[in-house]
Amino acid sequence: MLGGDLPRIFQYVGGIIKRMDGIPYAVGGVQNHIHILASLPKSIALTDFVRVIKSNSSKWIKQLDTHYTEFAWQDMYLPTDNYLSPFQGYFLNGTFVGG
């Protein structure tokens, strides 16, 4: 992802989370991946939550610029139920857009 597009992408992902009745506390990252700190609604499974975020954001990102024509999220993701995990530094030191 191009650095100048990152804030818009983070905001869009936060909006997807809100539309699913989740709470996006922080969305951010760097050019090759993002981090999401959010509460999921009890009515949706984590796999469905991630699938909807990836699907909706991929379609939107591809419309931003021809640079993103072949854009796709990686297949894997790493969930944690504790934001004080070893990855906390990413949330505290990266570029993030709050919910």
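Please read these numbers as outputs of a predicted model, since none were measured by experiment.

(A) Representation of the side chain of aspartate 5 in the model. Locating aspartate 5 in the fold gives a position in the segment before helix H1 (6-19). Buried aspartate 5, no salt bridge; nearest opposite-charge side chain is arginine 8, N-O distance 4.1 Å. Leave out the neighbours within four places in its chain, and aspartate 5 touches Leu64 and Tyr68.

(B) Spotlight on H1. Compared with an ideal rise of 1.5 Å per residue, which puts 14 residues at 20 Å, H1 spans 20 Å between its outermost C-alpha atoms and is within 8% of the ideal. Phi turns positive, to about 65 degrees, at aspartate 21, one or two residues after H1.

(C) The pattern of salt bridges, seen in detail. Evaluated as defined, the whole model comprises one salt bridge. Of the charged contacts, one joins arginine 51 and aspartate 48 as a salt bridge, the two residues approaching to 3.6 Å between their closest N and O atoms. Within this pair, arginine 51 and its partner aspartate 48 are both found in helix H2 (residues 46-62), separated by three residues, close to a single helical turn. For aspartate 48, a relative accessible area of 33% corresponds to the partly exposed category.

Reading guide: rules and limits
- Residues numbered from 1 in each chain as written.
- Predicted model: local features only at pLDDT ≥ 70, side-chain atom pairs only at ≥ 80, totals over all residues.
- Heavy atoms only, no water.
- Helix = DSSP H or I, 4+ residues; strand = E, 2+ residues; numbered from the N terminus.
- Buried < 20%, exposed > 50% of the residue type's maximum accessible area, 1.4 Å probe, protein only.
- Lys, Arg positive; Asp, Glu negative; His and termini not counted.
- Salt bridge = Lys/Arg side-chain N within 4 Å of Asp/Glu carboxyl O.
- Contact = heavy atoms within 4.5 Å.
- Expected span 1.5 Å × (residues − 1).

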